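What follows is each chain in one-letter form.
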Amino acid sequence: MTRSYLRFLLVASAAAASISGSALADSPDVRVARSAASGVASFVTPTPGTANPVDTPTGILRRHASLFGIADVDAELRLVKSEIDALGFTTTTFEQVQNGVPVFAAVLKVHQDRAGRLSAANGDFFPAARKVAVTPALTADQAAAAAIGEVGQTDARATETRMTIVDPGWYGNAPTGAKLAYYVVVEKPEIVLRDALFIDAHTGAVLDRWSLICTARDRRIYNAMGGGPPGAPARFEGDPPIGDFEVDSVYEFVGDVYGYYSRAFGRDAIDGAGAPVIATVHSGWSCPNAFWNGSQVVFCTGVASDDVVGHECTHGVTQYTAGLIYQNQSGQMNEAFSDIFGEMIDLFNGNAAFPGTPGGIPWPEAHDTGPTLDTPNNLRTTCGSGMRWMVGEECPAFGGAIRDMWDPTCYGHPDRANSPLQLCQHYDNGGVHMGSGVFNHCFAILTDGKTFNGFTVRALGPIKSGAVFYRALSTYLTPASDFADAYQALNQAALDLVGTMPNDPRTGGPSDSQFTADDAAQVDLAARAVELNTDGQCGSNRPATDPTPPTECSSQSVIWQENFDGTVTGWSVSNSNPPTPYNWEVVGNLPAGRAGRAYFGADRNIGDCAGNDRPYTRSSARPSHFPQRSICRRSALRITSARSLAGTAET
């Protein structure tokens with residue numbers, strides 16, 4: 001035992017013993033557990049086999065007052081309520097008062113069985129409160145003004161102001177000693193703000209502050225300092241700016257993500273259940289880049305703009321909703337949803353959600369790191385004609401924007417599902433980044449309106465288009481959904497919304513425009529304009545069995561067959577000669593206990609994303625003794641694998 005700890009025990013014991021001569025002595029008829037904060041009883045139960053008479057709740061407390069440190073039950077306790085539960089037990093609740101002023105968190109409960117005997121008595125009573133004078137130096141209005149000043153929202157309002165006695169040490173914070181204070185609740189619903197503050201009733205100092213919105217925000221920003229995540233803690237929820245631009249801006253932008261999803265869709269954080277959002281800045285991994293790794297977002301220096309932060313956080317939203325597989329058309333939509341909602345956060349937080357000069361209803365979250373780049377914000381007409389719909393335009397490490405949602409072809413990306421630019425690159429998991437242009441383009445068309453590919457789409461604006469795409473993502477899409485599935489999902493989401501007033505992300509309340517049947521018709525037109533109603537390319541989901549028979553020759557004969565149960569002499573096996581080649585192998589022990597042999601090509605987990613990528617191709621060709629003649633039915637075994645960092649969604 002350390003000397004300081006021993007000294008603490010002696011002081012605590014002496015303080016508790018001074019409450020009354022018998023405060024710490026167990027009564028022979030009850031068992032006692034004590035509070036570490038006050039040293040007096042916190043839970044009392046009758047000792048089995050001892051007398052336990054029927055009594056009133058007040059009478060029970062009088063008998064055991066010394067255990068709780070109570071000097072005068074009638075003067076120091078005030079009845080709050082009495083309830084009978086489903087078992088027939090009665091619980092009577094009291095609060096501690098000092099000269100009529102409530103003591104914060106000081107509540108005692110007396111539980112009695114059906115006959116009225118003590119079942120238990122528990123709670124907290126703080127004897128130190130009786131030393132506090134209850135005459136304040138500040139008025140309630142002055143305390144409320146101090147609380148509003150602390151939250152930094154001049155148009156917030158104090159919805160509750162009452163006097164109390166408190167020591168933050170009573171509920172786990174650093175103790176300050178019991179003080180007379182005002183308990184003030186400050187609210188600003190449009191930014192999901194509802195904070196409680198203790199304002200010292202004599203000095204006006206803030207004794208404590210916390211959110212009354214359960215798990216509304218929990219930002220945890222770490223600094224990797226050139227290493228990998230998570231890094232060292234840098235700024236957590238409620239902390240002031242630290243002066244590191246990357247740390248402070250990511251903290252603010254994650255707040256924008258929270259605000260957008262909460263006010264627009266009622267979503268509580270990335271997982272929908274209030275989990276902390278963990279972010280690492282100044283990463284040295286695979287730079288310049290940013291990614292969501294399944295549990296947190298990570299940013300290299302110079303890439304943490306508002307749209308990129310929103311982009312990476314939305315990968316998490318997708319993970320917890322549709323769970324879109326990160327390759328081919330599913331992966332392209334995964335990337336596109338991140339671009340879409342990242343851009344929505346970028347436009348809304350700069351008051352540029354609607355084309356033209358930034359303005360209108362202001363974005364409620366404040367930015368200490370300064371304004372973002374959102375102009376010119378005109379309706380787009382050509383490549384480079386404005387900031388609207390550009391992705392990553394404020395990232396110095398990227399050297400400018402990396403994608404254009406309004407016209408994806410400006411960056412060589414496809415703007416429709418059957419575009420010749422839809423290349424489905426294996427090194428990019430089937431073109432997830434380039435192919436995202438198809439879905440991005442659909443959203444931009446629907447939001448701002450456009451004539452494209454033979455379709456003219458009327459603008460729905462960012463509130464309605466966001467509501468449609470979010471509902472499709474969160475309600476209808478599934479992990480392997482492709483463009484054709486998205487076509488159905490978007491249309492159904494739009495039909496669901498007819499007659500509703502989608503929420504405005506700036507206020508959290510209904511917008512001023514009802515979603516109409518014609519709005520739903522525009523969704524269908526936008527989806528058709530980018531050919532979501534077709535199979536497209538890059539791994540669209542086609543039936544495993546095609547009911548249409550292949551074209552057959554006029555006369556058919558077996559020219560060669562192989563069931564793999566014998567030898568495989570005559571087959572040629574080749575690969576693209578990677579550093580570690582793996583060919584097809586003949587194996588037994590087939591899945592599900594099946595007999596026989598088969599060709600097997602292992603998908604080896606080799607390579608990484610740090611300059612050691614190992615794409616390779618394996619193929620098996622027909623035996624060399626195949627007759628060289630035209631045939632109408634033949635098959636070949638072929639597999640292509642591009643290994644990248646598993647579980648990582650990169651910008």
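Bear in mind that the values here come from a model prediction, so they are computed numbers and not experimental data. (Residues numbered from 1 in each chain as written. Predicted model: local features only at pLDDT ≥ 70, side-chain atom pairs only at ≥ 80, totals over all residues. Heavy atoms only, no water.)

A. Geometry of the packing of aromatic side chains. Evaluated as defined, the whole model comprises 22 aromatic pairs. Taking 6.2 Å as the distance between ring centres and 50° as the angle between the ring planes, the aromatic pair formed by Tyr 260 and Phe 341 counts as tilted. On the criterion of sequence distance, the pair formed by Tyr 260 in helix H6 (residues 245-265) and Phe 341 in helix H8 (residues 328-349) is long-range, its members being 81 residues apart. For the pair formed by Tyr 260 and Phe 341, the shared burial category is buried. (Phe/Tyr/Trp six-rings, centres within 6.5 Å; stacked < 30°, edge-to-face > 60°. Helix = DSSP H or I, 4+ residues; strand = E, 2+ residues; numbered from the N terminus. Buried < 20%, exposed > 50% of the residue type's maximum accessible area, 1.4 Å probe, protein only.)

B. Looking closely at the confidence of the model for the protein. For the protein, per-residue confidence averages 82 on the pLDDT scale, and residues scoring 70 or more make up 80% of the total. Note on residues 541-546: pLDDT under 50 across the span, and 6 contacts to partners over four residues away in sequence or across chains. In the model, residues 622-651 has pLDDT below 50 throughout and makes 87 contacts with residues more than four positions away in sequence or in other chains. (pLDDT = per-residue confidence, 0-100. Contact = heavy atoms within 4.5 Å.)

C. Fine view of empty space enclosed by the protein. Counted according to the given criterion, the structure contains 1 cavity of 30 Å³ or more. In this model, the largest cavity occupies a volume close to 30 Å³. In terms of lining residues, the largest cavity is bounded by Asp 29, Val 30, Pro 46, Ala 51, Asn 52, Arg 63, His 64 and Leu 118. Residues that form the lining of the largest cavity fall into these classes: 4 nonpolar, 2 polar and 2 charged. (1 Å grid on protein atoms, 1.4 Å probe; cavity = no way out; pocket = protein on both sides within 12 Å on 5 of 7 lines; lining within 4 Å. Points joined across faces, edges and corners; volume = space filled by probe spheres on them. Nonpolar A, V, L, I, M, F, W, Y, C, P; charged D, E, K, R; others polar.)

D. Fine view of the side chain of Thr 280. For Thr 280, the position within the fold is in strand E13 (residues 277-283). Exposure remark for Thr 280: the relative accessible area of 0% places this residue in the buried category. A distance of 2.8 Å separates a polar atom in the side chain of Thr 280 from the backbone oxygen of Pro 230. Those residues in contact with Thr 280 that lie beyond four places of it in its chain are Tyr 222, Ala 224, Pro 229, Pro 230, Gln 296, Val 297, Val 298 and Phe 299. (Polar contact = N/O pair within 3.5 Å; in protein donor to acceptor, adjacent residues only side chain to side chain.)

E. A look at the nonpolar core. Ranked by size, the top nonpolar core spans 81 residues in total, and within it Phe 299, Phe 439, Phe 469 and Leu 532 carry the most contacts. Counting residues per element, this core draws most heavily on H6, at 10 residues. When sequence neighbours within four positions are dropped, the list of residues in contact with Phe 299 reads Val 250, Ala 279, Thr 280, Val 281, His 282, Ser 283, Asn 289, Ala 290, Ala 304, Val 308, Val 309 and Glu 312. Counting 22 residues, the second-largest nonpolar core is a separate cluster that includes Leu 138, Leu 180, Leu 193 and Ile 199. (Core = buried A, V, L, I, M, F, W, Y, C linked by side-chain atoms within 4.5 Å.)

F. Up close: helix H7 (residues 306-320). The first and last C-alpha atoms of H7 sit 21 Å apart over 15 residues, in line with the 21 Å expected at 1.5 Å per residue. Across the 15 residues that make up H7, a large majority, 13, are buried. (Expected span 1.5 Å × (residues − 1).)

G. Seen up close, the environment of Ile 345. Along the polypeptide, Ile 345 turns up in helix H8. Judged by its relative accessible area of 0%, Ile 345 falls in the buried class. Sequence spacing of Ile 345 and Gly 259 is 86 residues, and the spatial spacing of their C-alpha atoms is 9.1 Å. Those residues in contact with Ile 345 that sit more than four places away from it in its chain are Asp 256, Val 257, Tyr 260, Tyr 261, Asp 306 and Gly 310.

H. Just helix H11 (residues 483-497), in detail. For H11, which comprises 15 residues, the first-to-last C-alpha distance of 21 Å matches the rise-based estimate of 21 Å (1.5 Å per residue) to within 8%. Listing the buried residues of H11 in full gives Phe 483, Ala 486, Tyr 487, Ala 489, Leu 490, Asn 491, Ala 493, Ala 494 and Leu 497. Elements that come into contact with the buried residues of H11 comprise H8, helix H9 (436-448), helix H10 (461-476) and helix H12 (517-529). Sitting at the amino-terminal end of H11 is Asp 482, which places a side-chain oxygen 3.2 Å from the backbone nitrogen of Ala 484. Gly 499, located one to two residues past H11, shows a positive phi value of around 90°.

I. Highlighting the pattern of salt bridges. On inspection of all chains with the given rule, the structure shows 23 salt bridges. The salt bridge involving Arg 403 is made with Asp 339; its shortest N-O contact spans 2.8 Å. Placement of Arg 403 in strand E17 (residues 403-404) and of Asp 339 in helix H8 is noted, with a sequence separation of 64 residues between them. Across the pair, Asp 339 and Arg 403 agree in class, each one buried. Salt-bridge contacts for Arg 506 lead to Asp 504; the nearest nitrogen and oxygen are separated by 2.7 Å. Here the two residues Arg 506 and Asp 504 agree in accessibility, since each one is buried. Among the charged side chains, a salt-bridge network with shared partners connects Arg 458, Lys 464, Asp 518 and Asp 519. (Salt bridge = Lys/Arg side-chain N within 4 Å of Asp/Glu carboxyl O.)

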